[in-house]
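# A look at the structure
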Amino acid sequence: MPNTVLVTGGSGLVGKAIEHIINTEAEGSRFGKLPGEKWIFARSADGDLRDVEQTKKMYEKYKPTHVIHLAALVGGLFKNMKYKLTFLRDNLAINSNVLEISHQNKVEKVISCLSTCVFPDKVEYPLDENKIHIGEPHDSNFGYAYAKRMVDVQDRAYKEEFGDNFTSAIPTNVFGPHDNFQLEDAHVIPALIHKCYLAKQNKTPFVVAGSGKPLRQFIYSYDLAKLFIWMLRSYDDVTPLILSVGEDEEVSIKQVADAIVKAVGFKGEYTFDTTRADGQFRKPASNGKLMGLVGDFKFTPFEDALDNTVAWFVANYENARK
Ligand code: NAP
Ligand code: GDP
């Protein structure tokens, strides 16, 4: 029987990128479909995964053999700071339902999605796959972080008690087409693209939150999509795998804002609102384990990926999530 791959959260930033790659790479190629393989990209209207009965119905309908589990309550620093309990409760419920119903339906493999936010705040850098549980996460997003950490705990428990092949990926900050570009609730790149676009249209100042000094690693959603497809084919260890550019590729928020100003073509006043939070100063993650396993893989240069994302936002302004 050919595989049926269910992508939960299939309408989001990462889900849309996987859909794009799987539909554009040649069948049978490294990141393409296998012959006869079916891919389903589910959105919340197909079933609210916080609800176990709706989760069961989704599995009865699609009968997945493999699951890439992306669905989550997601947001940038400011949304995480505001809704800690909701991030904790919704994500615990979604993840518990997806893993348990995958188990009950004898799904052959589940790859869930964590984030480098799950790592401890006080820890020796770079982050690696063995450091997830050795200290408290940063206070700004502990609801999201603890919910996501429990995925790794559940994966290990399902494996030890039942032998299930459940694992997880840990991407850094992701950006690309189809992102959530909300001004207040989005991650930094889509929020700043939207703010800069409006500043250009309205001839108003472009205001970046915080000091501009924090450092982040960013991954383009199309690169991440290829790595998820590679993991589906080739990675069968329960230990999570960091999906990231190199630890020497940290970029400051000021560098991000400068690149956005250039890509948008904004010429007006540009300031930093230092009354707003910086969040975690940095969280550099090692991609050493990934690079040792994946073989030849080239990440898209940051500025090229940013240009593509800005161009997508401008071309799709009316329908973009904002
Ligand atoms: P996104 O664009 O906000 O998309 C979220 C997806 O989850 C959407 O398809 C949404 O469906 C679905 N969803 C949300 N609540 C749901 C529910 N109760 N039931 C069913 N589906 C639900 O998120 P993303 O950025 O693609 O994130 C994908 C994964 O990557 C998440 O697990 C996230 O934690 C992780 N991640 C993201 C980043 C980042 O920078 N964006 C970084 C690290 C890790 P609807 O659109 O229909 O509501
Ligand atoms: P994080 O990487 O999980 O912390 O999440 P974000 O993608 O939200 O990035 C947060 C960093 O970007 C912090 O240092 C913020 O101060 C900075 N930042 C600057 N402007 C913005 C903005 O408009 N939205 C967001 N979310 N962060 C911003």
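Cut-offs applied
Residues numbered from 1 in each chain as written. Chains lettered and ligands numbered in written order. Predicted model: local features only at pLDDT ≥ 70, side-chain atom pairs only at ≥ 80, totals over all residues. Heavy atoms only, no water. UniProt positions renumbered as here; feature names shortened; annotations may be inferred. Pairing = 2+ DSSP bridges. Helix = DSSP H or I, 4+ residues; strand = E, 2+ residues; numbered from the N terminus. Axes fitted to C-alpha atoms, helices over the stretch in contact; angles between N-to-C directions. Contact = heavy atoms within 4.5 Å.

The name given to the protein chain in an unreviewed UniProt entry is GDP-L-fucose synthase, with Sphaerobolus stellatus as the source organism. In the Sequence similarities (unreviewed entry) part of its UniProt record, the protein chain is described as follows: "Belongs to the NAD(P)-dependent epimerase/dehydratase family. Fucose synthase subfamily." Regarding the protein chain, the UniProt comment filed under Pathway (unreviewed entry) reads as follows: "Nucleotide-sugar biosynthesis; GDP-L-fucose biosynthesis via de novo pathway; GDP-L-fucose from GDP-alpha-D-mannose: step 2/2."

## Digging into the sheet that holds strand S2 (residues 38-41)
With parallel pairing, 6 strands are arranged side by side in an open sheet as S2-S1-S3-S4-S5-S10. Two strands lie at the open edges of the sheet, namely S2 and strand S10 (241-243), each paired on one side alone. Across the sheet, the axes of successive neighbouring strands diverge by a mean angle of 20°, strand direction being ignored. In the sheet, strand S4 (residues 109-113) pairs with strand S5 (residues 166-171) via 4 bridges, with the strands oriented parallel. Looking at the pairing, Cys 113 lines up with Ala 169 of S5. Docked against the sheet, helix H1 (residues 13-24) engages strand S1 (4-8), S2 and strand S3 (66-69), running at close to 155° with respect to S2. Contacts from helix H4 (residues 84-104) reach S3, S4 and S5 within the one sheet, and its direction differs from that of S3 by about 175°.

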